[in-house]
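Take a look at the letters that make up each chain.
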Amino acid sequence: MGLNDKATSERVHIGFFGLRNAGKSSVVNAVTGQSVSVVSDVKGTTTDAVEKSMELLPIGPVVIIDTPGIDDSGELGDLRVKRTKKVLNKTDIAVLVVDAQKGMSEHDISLKTLFEQKEIPYVIAYNKSDMIADIPAETDNEIYVSAKNGTNIYELKEKIGKLSGTETNQKKIVGDIIEPGDNIVLVVPIDSSAPKGRLILPQQQTIRDILESGAMATVTRDTELKKALSSLSVKPKLVITDSQAFGKVEKDTPEDILLTSFSILFARYKGDLLQVVKGAAKLGKLQDGDTVLISEGCTHHRQCNDIGTVKLPGWIKGFCGKDINFEFTSGGDFPEDLSKYALIVHCGGCMLNEREMKYRIRHASDNEIPITNYGIAIAHIHGLLKRSLSPFPEIQKELD
């Protein structure tokens, strides 16, 4: 991904929901001006969630999600309904498409209740309005549209735009704790697991955030960090490292320079830093036979020394000295039932949007399962957690 591209995880996710044959896919295609979804008079044409990244005015970069009908039936239908509800965990704005001729069904009301429970902003689009004689008065979150002839599609987009807000766009990865002119050193190890010819997404996004803040970014490998620091005429304010290099970087970084990791920054950016810091304490309390879930938000190719499936389990076992079982999930998979786990160790979540990352943390909290993330777990295991939280004294004091 180039620095000028908008990562999928940073885009507003707009989900379209409703009954089979309510015209969800037709509304999606009308709103986007593209044939994003297959349209048919046969019920249940959309058999799985369809996602497409695009530009949608007046919002800008978005991910459009067309979901299967919530009233799908049979064994496969039940699975599709379950997947549809799972989409809600990453939906920033919901559009409930209702057949204007039939009005709200029990399934529609159930969806509307779910939107409200999950605090998802929503608009109800009554489709096929060209088929009814009298159109009722609309409310702030209701609109009568016709995907067939384009009636009120522009107005629907305006309503969606008003729900998008700007809070996410104002959040910073690191820009709120640095000043214009500061020099920030980023430590990026280049080893067998590093992607060829490019930086990974958290590194790209952090560099962009530093530059947008008017600060300067110095990028180096861990093997050249000491030389890089000595060559700078002005002491850097902050060193940000890949979590795997924490031990060496901590030794080479003077105590009067703030130190943290990309993983810790992303825990704050799109999650709950305090909760995942507290969750790390469980690493020292694990018992023989406990099961730890290691969860990644992406689906990259696993390598022989993969951090999630190889390094972390080894570090955790060595730290607690117990016989621990490990389970692994990746991508969109995250268990509904967490009861078997003593601890969840999650990646930084750079490939997940903020809503889904916060859902996972909240779901763990609701089930009273401690959750931490890769960088925080590694820092805790190596005795570096307090130092790595030095840019965030309000969180650091929680360790006292």
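Residues numbered from 1 in each chain as written. Predicted model: local features only at pLDDT ≥ 70, side-chain atom pairs only at ≥ 80, totals over all residues. Heavy atoms only, no water.

Quick word on the confidence of the model for the protein
We count it as follows: The predictor reports its confidence for every residue as pLDDT, a score running from 0 up to 100. Note on contacts: a residue pair is in contact if any heavy atoms of the two residues lie within 4.5 Å.
When pLDDT is averaged along the protein, the result is 88; 88% of the residues meet or exceed 70. Across residues 38-46, confidence stays below pLDDT 50; counting only partners more than four residues off in sequence or on other chains, it has 17 contacts.

What to know about helix H9 (residues 262-270)
Filter applied, for reference: Each residue is placed in one exposure class: buried if its accessible area under a 1.4 Å probe, protein chains only, is under 20% of its type's maximum, exposed if it is over 50%, and partly exposed if it falls in between. Secondary structure is summarised from DSSP: a helix means a run of H or I of at least four residues, a strand means a run of E of at least two, and numbering begins at the N terminus for each.
The element H9 is largely enclosed, with a buried count of eight among its nine residues. Turning to H9, its buried residues number three or more, namely Phe 262, Ser 263, Ile 264, Leu 265, Phe 266, Ala 267, Tyr 269 and Lys 270.

Comments concerning the sheet that holds strand E3 (residues 60-66)
Quick note on the threshold: At least two bridges found by DSSP between two strands are what make those strands a pair. Axes here mean lines fitted to C-alpha atoms, for a helix over just the part in contact, with angles spanning 0 to 180 degrees between N-to-C directions.
Pairing is mixed in the open sheet, where six strands are placed in the order E2-E3-E1-E4-E5-E6. Strand pairing shows two members of the sheet lacking a second neighbour, strand E2 (50-56) and strand E6 (142-144), which therefore form its edges. Averaged over all adjacent pairs, the angle separating strand axes in this sheet is 25°, with direction ignored. Relative to E3, strand E1 (residues 12-18) runs parallel, the two sharing five bridges. By the bridge assignment, Gly 15 is partnered in E3 with Ile 65. Contacting E1, E2, E3, strand E4 (93-99) and strand E5 (122-127), helix H1 (residues 24-32) runs over the sheet at an angle of about 145° to E1. Where helix H4 (residues 153-164) meets the sheet, it contacts E1, E2, E4, E5 and E6, and its direction lies at approximately 170° from that of E5.

Considerations on the packing of aromatic side chains
Condition: Working definition: a ring pair exists when centres of Phe, Tyr or Trp rings (six-membered ring for Trp) sit within 6.5 Å. Plane angles under 30 degrees give stacked, over 60 give edge-to-face, the rest tilted.
Scanning the model with the defined rule gives four aromatic pairs in all. Here Tyr 126 and Tyr 144 contribute two aromatic rings whose centre-to-centre distance is 4.6 Å and whose plane-to-plane angle is 15°, an arrangement assigned as stacked. Pair noted here: Tyr 126 is in strand E5 and Tyr 144 is in strand E6, with a separation of 18 residues, a long-range link. For Tyr 144, a relative accessible area of 9% gives the class buried. Between Phe 266 and Tyr 269 the ring centres are 5.7 Å apart and the planes differ by 80°, which places this aromatic pair in the edge-to-face class. Of the two residues, Phe 266 and Tyr 269 are both situated in helix H9; the distance of three residues between them amounts to about one turn of the helix. Using a relative accessible area of 1% as the deciding quantity, one classes Phe 266 as buried. Owing to a relative accessible area of 9%, Tyr 269 belongs among the buried residues under this scheme.

Things to note about the nonpolar core
Heads up, the rule is: As used in this record, nonpolar core signifies buried Ala, Val, Leu, Ile, Met, Phe, Trp, Tyr and Cys residues forming a set joined through side-chain atoms within 4.5 Å.
If you look at the biggest cluster of nonpolar residues, it comprises 70 residues, and the most contacted ones within it are Leu 273, Val 345 and Ile 376. Beyond its immediate sequence surroundings of up to four residues, Ile 376 is in contact with Ile 264, Ala 267, Leu 273, Val 276, Val 277, Ala 280 and Leu 385. Formed by 42 residues, the second largest nonpolar core is a distinct cluster that contains Phe 115, Tyr 122, Val 123 and Tyr 144.

Observations concerning the pattern of salt bridges
Worth spelling out the cut-off: Whenever Lys or Arg places a side-chain nitrogen within 4 Å of a carboxyl oxygen from Asp or Glu, that contact is recorded as a salt bridge.
Across all of its chains, the model carries 18 salt bridges by this definition. Of the charged contacts in the structure, one is a salt bridge between Glu 116 and Lys 112, with a shortest N-O distance of 3.1 Å. Taken together, the positions of Glu 116 and Lys 112, both in helix H3 (residues 106-117) and four residues apart, correspond to about one turn of that helix. Overall, the relative accessible area of 40% leaves Glu 116 in the partly exposed class. On the accessibility criterion, Lys 112 (25% relative accessible area) is partly exposed. For Lys 226, the salt bridge goes to Asp 252, with nearest N and O atoms at 3.9 Å. Here Lys 226, found in helix H7 (residues 225-231), pairs with Asp 252, found in helix H8 (residues 246-252); they are 26 residues apart in sequence, far enough to count as distant.

A word on the sheet that holds strand E13 (residues 343-346)
Judged by pairing direction, the sheet is parallel, and its four strands sit side by side in the order E12-E11-E13-E14 without closing on themselves. If you trace the sheet from one side to the other, it starts and ends with strand E12 (325-329) and strand E14 (371-373), each paired once. Mean inter-strand twist for the sheet, computed between neighbouring axes without regard to direction, equals 25°. Where strand E11 (residues 291-295) lies against E13, four bridges are found, and the strand directions are parallel. Bridge pairing in E13 places Ser 295 opposite His 346.

Looking at unusual backbone geometry
Backbone geometry follows two general trends: most residues other than glycine have a negative phi, and most peptide bonds adopt the trans configuration. Following Leu 57, the chain continues into Pro 58 via a peptide bond in cis, with omega recorded as 10°. Locating Pro 58 in the fold gives a position in the loop between E2 and E3. Phi at Glu 119 is positive, roughly 55°, even though this residue is not glycine. By the secondary structure assignment, Glu 119 is in the loop between H3 and E5. Here Glu 119 falls in the exposed class, since its relative accessible area comes to 65%. Backbone geometry places Lys 128, a non-glycine residue, at a positive phi of 65°. Inspection of the secondary structure puts Lys 128 in the loop between E5 and E6.

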